[in-house]
Each structure stands twice: as structure tokens, then as C-alpha cells.
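The lines below spell out each chain.
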Amino acid sequence: MILAADPLFKNGVDGEVVLIVIGKTLVVFALLLVLVLLYIWFMRKVIADMQNRIGPATAGPFGVLQTLADGIKLFFKEQSIPDQADSFVFKLAPYLSALPAFLAFAIVPIGGEVSIAGHQTYLQLADPEIGVLLLLAMSGIGLYGVMLAGWSSGSKYPLLGSVRASAQLISYEAAFSLAIVGVLLWSGTLSTRGIVNGQAWTGWDSFATQWYWAPASIAFVIFIIAAIAETNHPPFDLVEAEQELVGGFHTEYTGIRFGIFFLAEFMNLITMSAIAVTLFLGGPSGPSLGFLPASGTVNAWIMPCFWFFLKLVILLYGTVWIRASLPRLRYDQLMDLGWKWLIELAFLWAMVTGIIIIAKQQDWDLLLVVPAAALGALAVLGFLRLCMPKPGEFMDEVY
Amino acid sequence: MAEFVIFFIMAAVALGAAISMVLARNPVHAALLLVTVLVAIAVMFLLQDAQLLAAVQIIVYAGAIVILFLFVIMLLGVDKSESLHDPVRSQRPAAIVLGVVGLAELLFLVGHHWATGTSSGPGLNDGSGGNVERVARSLFTSYLWPFEVTAILLVVAVVGGVVLARRSGLPPQQELELERDDDDTEPDAMTESTSEVSAP
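Because the structure is predicted, anything quoted here is derived from the model rather than measured. (Residues numbered from 1 in each chain as written. Chains lettered and ligands numbered in written order. Predicted model: local features only at pLDDT ≥ 70, side-chain atom pairs only at ≥ 80, totals over all residues. Heavy atoms only, no water.)

### Describing the domain arrangement of chain A
Reports often express the size of an interface as the amount of accessible area lost when the parts come together. Residue and element names in this part refer to chain A. Heads up, the condition is: Residue ranges for the domains originate in an automatic or database domain assignment. Whether two residues are in contact is decided by their heavy atoms, any of which lying within 4.5 Å being enough. What counts as buried area is the accessible surface, traced by a 1.4 Å probe, that two parts surrender upon association, with contributions from both included. The rule for a salt bridge is simple: a side-chain nitrogen of Lys or Arg has to be within 4 Å of a carboxyl oxygen of Asp or Glu. Pairs of N or O atoms are called polar contacts if they sit within 3.5 Å, as long as, within protein, a hydrogen donor faces a hydrogen acceptor (for residues adjacent in sequence, only side-chain-to-side-chain pairs). Only DSSP runs of H or I with at least four residues qualify as helices, and only runs of E with at least two residues qualify as strands; both kinds are numbered from the N terminus onward. Here the term charged refers only to Asp, Glu, Lys and Arg, the term nonpolar to Ala, Val, Leu, Ile, Met, Phe, Trp, Tyr, Cys and Pro, and the term polar to all other amino acids, Gly among them.
Taken domain by domain, chain A comprises domain 1 (7–329) and domain 2 (332–389). For domain 1 versus domain 2, the distance between C-alpha centres works out to 29 Å. If you look at the interface, domain 1 gives 22 residues, while domain 2 gives 18 residues. Between domain 1 and domain 2 lies a buried interface of about 1,700 Å² when both sides are counted; carbon and sulfur atoms form 84% of it. For the interface between domain 1 and domain 2, the tally reads zero salt bridges. Run the count over domain 1 and domain 2 and you get three residue pairs in polar contact (both at pLDDT 80 or more). It is helix α5 (residues 156–187) that provides the largest number of residues to the side of domain 1 that touches domain 2, a total of twelve residues. The residue inventory of the side of domain 1 that touches domain 2, partitioned by class, reads 18 nonpolar, four polar and no charged.

Here you go:
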């Protein structure tokens, strides 16, 4: 049903197939956890380098086990629940934010098609037909964790933090979805496997001709900005702005429940980066080693995974770089950027893309159509900007 | 067999959550139980191979509408206490009558194959491609007109909401001045009206 596109299920479901699916689930879960451990260490090391510090250096070689040690410490800490808290919802909230982060990662294609114990299968947990929509559904569910954590704490700062968080997440969800539309128009399918197949490696020029980052370049930029905002990553970390909100929605959380919130946040960041790789950078597509057989272990298993993780690490490095260098936005700047720029741009870009695709189908003169469409979009954007109220025109300045 | 088992589990979850939603005293708990009902029904859609509908159900209802409910509950602080006093007394008998009529209708429909059996209309089972493709094709070919009319209806609703949210029909600049005058004469009009909402 929901997994049916995978060739694994072509010949019916028997015990072996069930075992393979369970195995894949465990591997993907463990992979995500290990990636979070490594990412936190990587982030701390890179930021330390950028600030002329050493960073974690004691636990394990180069301090790589530091996060593991922190995690074990969190497990053994006391978990307090405030008197005013709604204790059931308070306990539920961390899991509500961690579970969707994991489920969304299930649709990411990590490698190509491989054969496990005689069964052909994709190196990805699930390939539902609705594909990318599952990501949107999960980010919608993920909001509940943040919102309920703030409300159930029965305390002021968490409530303020969670209201702020939900406003931010709802605002950027629109731009985020519209940016994905920019890719879907080119790929013609929602399935992540289908999107990756549309970006297959055909030669060294595939980098610019096959991968969707080039034809959907503006959508790519909007996607990156909106994804950073969706994951509450700096410079959009208003949700936990320490100077204003103590710690935001998780102020009252201690011990491993606090840890699960952080786990969810980093899992979201990794999932979003992996989705960006899938949608715009070709996922596992990349040159294979020509001197080895095409269906051998190296070319079927290792090379696609290598390309996927290489692209993932490059994007994750970008997020660390942004974290280290950009200051946090003010709340009104955040809302202005989301509502007045990103949504409009993403909308107009989707329309321009539609026109270009129709022009290609109808064999119109592209040299004429593309600039005309772009100019038309710019004119509409200018008109919309002119119609917007200037700051202070209609309302008193509140900032 | 698996379909049967999943259906009964999800039906039990949906019914249980729906009943506890009505009985819940805390509005936030009620909202959470509503989400449970919606997710359980989304699973049933999946069971019927209506993948797009399941995704839309979660994105739109769970991801947007109930979130807005929660927003209202949190911002207005109506979660403190709930008055069971019914301002419109005639509502109760009307609700009972409507409920009985609805139940009778449901029981009547259950016994008729045209309500539960295979549909004879131009259904989604026609044509090739996956579920998403087929829904898209019928939405943008056979049912384009109702689709567009619904879109206009939604825009009208949004514009209406914005217009209603503004208090007067005056242009914004004059309205602002009006509000300033109001503020001069009744300095705590706003605080009074909000405290009324949250008072038991």
C-alpha cells in the first residue's frame, strides 16, 4: 500500500520481506541518531575553529564521544515537573516533536536500488506515492510538540516561546511548501524516488543540466531559508531566544525530556538537509567508478551512499557556518521576510516555472518567453510591494 | 485480513477519542483528542488507498485548523474554566432532534448498497496512474468548475474575515484616529473586554 512502489513488494510479502523492512527501519533509526551525535560534535568543533577555540577535546578521539557523554548524563538527571503543569501533556510533548522528525526521514532515498538476500529493494525506508507531502504532514504534526510543551508547562516564558514558535512555523510553512512546488513542477511526481530518478547522472554536465537546483534556483534559495526557519535554526532561533525568553518553550524541561527536544531539533535539521539534497541536488546521483562492474557492491551500494552523504555534509556545514556567523533576526524582520518576500517570490517563481514548462511543451521561442515571464513576475512583485502599507502608515509603530 | 484488523483498531481509536473529546473538560485535551480522531481517519483513508486524501487530512486539519484552535485557546485563556450554562435554551431539543434524524439517515444508508457498494459515477477507479494523478485529473478536468468556485468561496471567506476584523467601514487612517479617540475617553476598554472573556 503505502510502501508499494518499492520493488521489494512485487512478489508478495513473505517473512523475509518483513524482516528486510524491519531491518531497514532499525538501520534508518540508528543512522539518524548517529548522524545527530556526529553533527553536534561537528558543529561544536567547526564553530570552535571559527572562534579560535579548541572545542570538545576530552571524550574519545578529538572529543567525538562528547555528545554521547552528554546524552548519558541527561538520562540520569532528575526530571522535574512544575506544579502548575498538565503532567500528561507535559510528558507527551517531547515525543510528539521527536516522532515526526524520524518519520519524515523515512522518505529520503539514501542510495540506489540494491539486492538484499535475493530481493531487489531501494535503499530508503518508504517510497509512498505522496512522497513530499508526508514531509509537510510531519512538519505540521511536529508543531504540536512545541506548542503543547509551552502550554503544558504552566509558566509564562514557555507559553510566550511556544506561541512565537507556532507563529513562525506556520508563517514559513507556506513559503516552504511553495518552494517545493518549484521542484514538483519539473519532476512531475511527488515520490522522492521519482524525483531522484529525474536527476539521474548522465555525465559530468548533469550537475547543471539534470539536477533541479539550476532550473529551480530561486525555489532552492527560498527552500533553504524557509527550512532553516522551520527547524528553528539560527538566525531564526527566536523560539528559544535566551535573552528574551529564558529558553523558550522548553524552559521547564529537564533531564532526558529536554534532551529529546534537542534530539528532535537536530533530527529535523538533518532531515531537512537530506530533503534538500533529494529535491535539488540529485540525492544519491553522482558519477560511479567506471573501471568496476556497474552492478558490483562498490557501484551499487557504496558510491550512491557516498555521494548522498557528501552532499549532506556540505549542506550541514553550511548550516553550521550560518549559525556561527549570522545574528538573530528581530521578530518583525522575521515576519516581514516570510510574508512579504518569500511567499510572494515563491508564488511568482512557481508561475514562471509553469510558463517555461508550457513553452517547452508547445515549442515556443524560449528566448522570448523566459524574459517575458520573468519581467511579468517582477512587475507583479513591484506592484504588490507598492500596494503594501509602509511601516507606520496604518498603525502605530510598536517596536 | 490485515485491512480488517487495522480498520477495527482505527475505528475503535477514532470512536474512543471522539467520545472522550466531547466529554473532556479541558479544551486543550479536547483539541488533542480531535487530532487523534483526524489521524485515525487518515489511516482509514490510507487503507482505502486514498493516499492524497490522507496527506491532505493531516496537513490541513491536523497541521493548520486544530493548530489555530489551540492558538485561540492559548491566547484567549479560555482553558481556565468552562461554563456549562447554555445561553440559547432551544438549542438542546433541536440538537437532540437533529442527532436522531442524522442517526436514522445513517442507519438507512448503511442498509443500501448504493451508499456502501461500488459507485456507478465517474469515480477515481477509472483511468491509469496513481491515486494523486487520478485525483488531479478529475479535479482539473471533470470537476474544474466546482473546484474553481470553491476557491473563490474560500477567498471570499478570507476577505470577509479581514473586513469583519476591522471595526468600522472607514479608511484605515480615519479608523486609527477613531480608535485613538476611543482610547482617550475609555482608556481601559480593551482590557475590560478581554477580561470578560477569561472570567468564569
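### Some remarks on the pattern of salt bridges
Residues and elements named next belong to chain A. How we decide: Type-normalised accessible area, obtained with a 1.4 Å probe on protein chains alone, sets the label of each residue: buried when under 20%, exposed when over 50%, and partly exposed for intermediate values.
Throughout the structure, instances matching the rule amount to five salt bridges over all chains. When the shortest N-O distance is used, the salt bridge between Asp 336 and Lys 340 registers 3.6 Å. Residue Asp 336 and its partner Lys 340 are located together in helix α12 (residues 331–362), separated by four residues, close to a single helical turn. Residue Lys 340 is classed as partly exposed on the basis of its relative accessible area of 25%.

### Structural notes on the nonpolar core
All names here are of chain A. Definition in use: Buried residues of nine kinds, namely Ala, Val, Leu, Ile, Met, Phe, Trp, Tyr and Cys, make up a nonpolar core once their side-chain atoms join them within 4.5 Å.
Core analysis: the biggest nonpolar cluster contains 114 residues, and Phe 176, Ile 180, Phe 223, Leu 279 and Phe 280 have the highest contact counts within it. Counting residues per element, this core draws most heavily on helix α4 (residues 132–152), which supplies 15 residues. Core analysis: the next-biggest nonpolar cluster, separate from the first, contains six residues, Leu 348, Ile 356, Ala 373 and Leu 381 among them.

### A word on the side chain of Arg164(A)
Residues and elements named next belong to chain A. Structurally, Arg 164 is set in helix α5. Of the residues examined, Arg 164 reaches a relative accessible area of 19% and is grouped as buried. Setting aside residues up to four positions removed in sequence, Arg 164 forms contacts with Leu 238, Ala 241, Glu 244, Leu 245 and Tyr 331.

### Digging into the layout of surface pockets
What counts here: Using only the protein atoms, space was sampled on a 1 Å grid; points where a 1.4 Å probe fits but cannot get out form cavities, open sets with protein on both sides within 12 Å along at least five of seven lines form pockets, and lining residues are those with an atom within 4 Å of a point. Grid points are joined across faces, edges and corners, and a volume is the space filled by probe spheres set on the points.
In this model, the largest pocket occupies a volume close to 1,800 Å³. As for the largest pocket, its lining consists of 35 residues, of which Leu133(A), Val181(A), Val56(B), Phe140(B) and Phe147(B) are closest to the centre. For the lining of the largest pocket, the secondary structure elements donating two or more residues are α4, α5 and α12 of chain A together with α3 (51–76), α6 (131–140) and α7 (144–165) of chain B. At seven residues, the largest contribution of residues to the lining of the largest pocket is made by α5(A). Taken together, the residues of the lining of the largest pocket sort by class into 27 nonpolar, six polar and two charged. Taken as a whole, the second largest pocket encloses approximately 1,100 Å³ of empty space. The wall of the second largest pocket is formed by 41 residues, among which Leu103(A), Met138(A), Val39(B), Val43(B) and Ile58(B) lie closest to the centre. Counting residues per element, the ones that place at least two in the lining of the second largest pocket are α3 (87–105) and α4 of chain A together with α1 (2–23), α2 (27–47) and α3 of chain B.

### So, the packing of aromatic side chains
All names here are of chain A. Cut-off, in case you're wondering: When the centres of two rings from Phe, Tyr and Trp lie within 6.5 Å, Trp using its six-membered ring, the rings pair. Their planes under 30 degrees apart give stacked, over 60 give edge-to-face, and anything left gives tilted. Either the NZ atom of lysine or the CZ atom of arginine qualifies as a charge over a ring when it sits within 6 Å of the ring centre and within 35 degrees of the ring normal.
For the structure shown, the criterion picks out 19 aromatic pairs over all chains. Here the aromatic rings of Phe 249 and Phe 261 are separated by 5.1 Å at their centres, their planes lie at 75°, and the arrangement is edge-to-face. On the criterion of sequence distance, the pair formed by Phe 249 in the loop between α9 (242–245) and α10 (255–280) and Phe 261 in helix α10 is long-range, its members being twelve residues apart. Both residues of the pair, Phe 249 and Phe 261, belong to the buried class. A network of ring pairs unites the aromatic residues Tyr 39, Phe 258, Phe 262 and Phe 266 as a single cluster. One residue, Arg 193, lies across the ring of Tyr 122, its end atom 4.3 Å from the ring centre. The side chain of Arg 385 reaches across the aromatic face of Trp 341, ending 3.8 Å from its centre.

### Focus: empty space enclosed by the protein
All names here are of chain A. Counted according to the given criterion, the structure contains one cavity of 30 Å³ or more. In this structure, the largest cavity occupies an estimated 310 Å³ of space. Every residue lining the largest cavity is counted, 21 residues in all, and those nearest its centre are Ser 97, Gly 142, Leu 169, Glu 230 and Asn 268. Of all the secondary-structure elements, those providing two or more residues to the lining of the largest cavity are α3, α4 and α10. When its residues are assigned to classes, the lining of the largest cavity shows twelve nonpolar, seven polar and two charged.

### Here we look at helix α13 (residues 366–387) of chain A
Residue and element names in this part refer to chain A. Note the cut-off: Expected span of a helix: the number of residues minus one, times 1.5 Å. This arc corresponds to the set of directions leading from the helix axis out to the C-beta atoms.
When the terminal C-alpha atoms of α13 are compared, their 31 Å separation across 22 residues agrees well with the 32 Å that a helix rising 1.5 Å per residue should span. Turning to α13, its buried residues number three or more, namely Val 369, Ala 373, Ala 377 and Leu 381. Buried residues of α13 fall within an arc of 100° about the axis and therefore sit on the same side. Set apart from the buried face of α13 by more than 90 degrees, the exposed residues are Leu 367, Leu 368, Leu 375, Leu 378, Phe 383 and Leu 386.

### Things to note about the interface of chain A and chain B
Contact residues are listed per partner, giving 29 residues for chain A and 30 residues for chain B. For the pair chain A and chain B, the summed buried surface comes to about 2,600 Å²; carbon and sulfur atoms form 75% of the total. Inspection of the region where chain A meets chain B yields zero salt bridges. At the surface where chain A touches chain B, the tally comes to four residue pairs in polar contact (both at pLDDT 80 or more). Sorting elements by how many residues they give to the side of chain A that touches chain B places α4(A) first, with ten residues. A breakdown of the residues in the side of chain A that touches chain B according to their chemical character gives 22 nonpolar, three polar and four charged.

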